[in-house]
Amino acid sequence: MPPTSSATASTETRMPAAQRRELILDAATGVFGDRGYHGTTTDQIAKAAGISQPYVVRLFGTKEKLFLDVLDRALQTMLVAFRAALADDGSGYPLQKRLGETFVDLVSSKGVHRTLLQAFVSGGDAEIGRFARAGFLDVFRFLRDEAGFTDVEVDEFLAQGMLFSVLLSLELPRTFGTDPDGDALMRAVFGAKCAMVLDVMGPGAS
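Residues numbered from 1 in each chain as written. Predicted model: local features only at pLDDT ≥ 70, side-chain atom pairs only at ≥ 80, totals over all residues. Heavy atoms only, no water.

**Quick notes on helix H2 (residues 17-35)**
Point 1. A rise of 1.5 Å per residue sets the reference length of H2, with its 19 residues, at 27 Å; its end C-alpha atoms lie 26 Å apart and thus fit the reference within 8%.
Point 2. Residues Arg20, Ile24, Leu25, Ala27, Ala28, Thr29, Gly30, Val31, Phe32 and Gly33 constitute the buried set of H2.
Point 3. Immediately beyond the C-terminal end of H2, within one or two residues, lies Gly36, with a positive phi of roughly 80°. (Helix = DSSP H or I, 4+ residues; strand = E, 2+ residues; numbered from the N terminus. Expected span 1.5 Å × (residues − 1). Buried < 20%, exposed > 50% of the residue type's maximum accessible area, 1.4 Å probe, protein only.)

**A look at the environment of Asp26**
Point 1. Tracing the chain through its elements places Asp26 in helix H2.
Point 2. Distance from Asp26 to Lys193, taken between C-alpha atoms, is 24 Å for residues 167 residues apart in sequence.

**What to know about the pattern of salt bridges**
Point 1. Tallied over the entire structure, the rule returns 13 salt bridges.
Point 2. One salt bridge connects Glu22 with Arg73, and the closest N-O pair in it is separated by 2.7 Å. Here Glu22, found in helix H2, pairs with Arg73, found in helix H5 (residues 63-87); they are 51 residues apart in sequence, far enough to count as distant.
Point 3. We classify Arg73 as partly exposed; its relative accessible area is 21%. (Salt bridge = Lys/Arg side-chain N within 4 Å of Asp/Glu carboxyl O.)

Pasting the structure below:
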């Protein structure tokens, strides 16, 4: 293992622990989103965060525990955004539309959608599957108990949300302008939010 650089050591020494933790979680969300759980190493996350790999392991333990922390933060970010949209009815939009647009807006938080999708398809993993099921049921309870959705509205909302996540995971926005059918699908699914999605994830976006 290469020695810790002086710059990395300085970052770890001077940055408050809570800030370092958030820095690592931000980096891990992006790397897990890009590479998937199985394709990601703690070394890749450490490099993305500018932190030494041993420090990442010391702070979070295993890669699985780090992924669960990333997943928990993604779920909480989504639920906090949903509750804010629920409380703000000044737009005049129906609640289902407000919540749907709020979910799409999370595209600005790099890796969140794809992290959620990866977790939701990892039901075969004992710990990740257990955590992902609990998180998905938390979303269901919010829709049923707080938003007051009917069973039909819950079904429609969750189906639409998964479609959003699938298109983002396929990186369809990055191919915009290369296939008329792909462009039509983007417009049909994202509607008025299509331009925002393209700004964040379209061709040439970082």
